[in-house]
Amino acid sequence: MFSIDLAEGAQLFPLEVRHAEEFLAHMNRGRAFIGQYVGLPDVVADLDGARSYLGTYAQRAANDTGRLYGIRVDGVLVGGVLFRTFDTGSGTCEAGCWLEPTAAGRGLVTKACRTIIDWAFQDRGMHRVEWHVAPANKKSIAVAERLGMTREGVLRENDLYRGLRQDTEVWSVLTHEWPPAQPA
């Protein structure tokens, strides 16, 4: 298995079915924080749910329609990034992330997203990477901004989340806009 260093003690690696117990433990630690805006903790409620979710992404990777990566800090799984969708025919994919609160504020998600977006544009020839986010998720919006994405608009009440309709902001970056200028 490979891993990519993100920072001292932090690595990005492919998250696989064999990591199901570790993945569940991670979800249990971050369930309330992660679940504020994304349904991942609801899907990964037990070991079977963890295996099923990881198995879904193993199948997506095999079909070249999605990817899933974990972020470890000092050997402990604390978050991840993914291509929720990956359509090589259209050249469009959707990236996303999640993170435990203990790992927040270190720039790990931004570095991990830069890594996978670099791969999508440079190695896979993708044209567009999208980022879908709840308007109240200010930390995720800040990641989109740091990645040089442009806010395109709002899908009003398109997402039924835990019984409530919520809006989704759509952000994107195009291949000719990448890599974004780094702040001085």
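Each value, and the rule that gives it
Residues numbered from 1 in each chain as written. Predicted model: local features only at pLDDT ≥ 70, side-chain atom pairs only at ≥ 80, totals over all residues. Heavy atoms only, no water. Helix = DSSP H or I, 4+ residues; strand = E, 2+ residues; numbered from the N terminus. Rg over C-alpha atoms; globule rule 2.2 N^0.38 Å. Buried < 20%, exposed > 50% of the residue type's maximum accessible area, 1.4 Å probe, protein only. Contact = heavy atoms within 4.5 Å. Areas by Shrake-Rupley, 256 points an atom, 1.4 Å probe, with all protein chains shown as cover. Expected span 1.5 Å × (residues − 1). Arc of directions from axis to C-beta. Core = buried A, V, L, I, M, F, W, Y, C linked by side-chain atoms within 4.5 Å. Polar contact = N/O pair within 3.5 Å; in protein donor to acceptor, adjacent residues only side chain to side chain. Phe/Tyr/Trp six-rings, centres within 6.5 Å; stacked < 30°, edge-to-face > 60°. Lys NZ or Arg CZ within 6 Å of the ring centre and 35° of its normal. Pairing = 2+ DSSP bridges.

Considerations on the overall build of the protein chain
Scanning the protein chain for helices and strands turns up five helices and eight strands. For the protein chain, the N- to C-terminal ordering of α and β elements is β-β-α-α-α-β-β-β-α-β-α-β-β. The C-alpha radius of gyration computed for the protein chain amounts to 16 Å, which stays within 12% of the reference 16 Å derived for 184 residues, consistent with globular compactness. For the protein chain, the C-alpha atoms occupy an extent of roughly 40 × 40 × 35 Å along the three principal directions. Relative to its full complement of 184 residues, the protein chain shows a buried share of 45%. For the protein chain, long-range pairs separated by at least 24 residues make up 59% of all intrachain contacts whose partners lie at least 6 apart in sequence. Looking at the protein chain as shown, the accessible area adds up to about 9200 Å², and 51% of this sits on carbon and sulfur atoms.

Structural notes on helix α3 (residues 47-63)
Over its 17 residues, α3 runs 24 Å from end to end, which matches the ideal 24 Å to within 8%, given 1.5 Å per residue. Residues Gly-49, Ala-50, Tyr-53, Leu-54 and Tyr-57 constitute the buried set of α3. The arc enclosing the buried residues of α3, seen along the axis, measures out at 125°, which places them on a common side. Exposed and facing more than 90 degrees away from the buried side of α3 are Asp-48 and Ala-62. Those residues of α3 that are buried lie in contact with α1 (20-34), α2 (40-43), β3 (67-73) and β4 (76-87).

Some words on the nonpolar core
Of all hydrophobic cores here, the largest spans 34 residues; its most connected members are Ile-71, Ile-117, Trp-131 and Met-149. Contributing elements (two or more residues each) for this core: β2 (10-14), β3, β4, β5 (92-99), α4 (108-123), β6 (128-133), α5 (138-146) and β8 (164-174). When residues in this core are grouped by element, the largest group, eight residues, is from α4. Ignoring anything within four residues of it in the chain, the contact list for Met-149 reads Ile-117, Val-129, Trp-131, Ala-144, Trp-171, Ser-172 and Val-173. If you look at the next biggest cluster of nonpolar residues, it comprises 17 residues, including Leu-24, Ala-50, Leu-68 and Trp-98.

Focus: the side chain of Glu-94
Among the structural elements, Glu-94 can be located in strand β5. One polar contact links Glu-94 to Arg-84, side chain to side chain, over a distance of 2.8 Å. What Glu-94 contacts, discounting residues up to four positions off in sequence, is Leu-82, Phe-83, Arg-84, Thr-85, Glu-130 and His-132.

Side note on the packing of aromatic side chains
For the structure shown, the criterion picks out seven aromatic pairs. A network of ring pairs unites the aromatic residues Phe-23, Tyr-53, Tyr-57 and Trp-98 as a single cluster. When the ring centre of Phe-86 is taken as origin, the NZ or CZ atom of Arg-67, which lies over that ring, is 5.5 Å away. The ring of Phe-13 has Arg-72 lying over it, and the distance from NZ or CZ to the ring centre is 3.9 Å.

Some words on the pairing of β8
Most of β8 sits inside the fold, with eight of its eleven residues counted as buried. Sheet topology places β6 next to β8; six bridges connect them, and they run antiparallel. Its bridge partner lying in β8, Trp-131 is registered against Trp-171. Here eight bridges tie strand β7 (residues 150-161) to β8, and the two strands are oriented antiparallel to one another. Across the sheet, the residue bridging to Leu-155 is Thr-168, located in β8.

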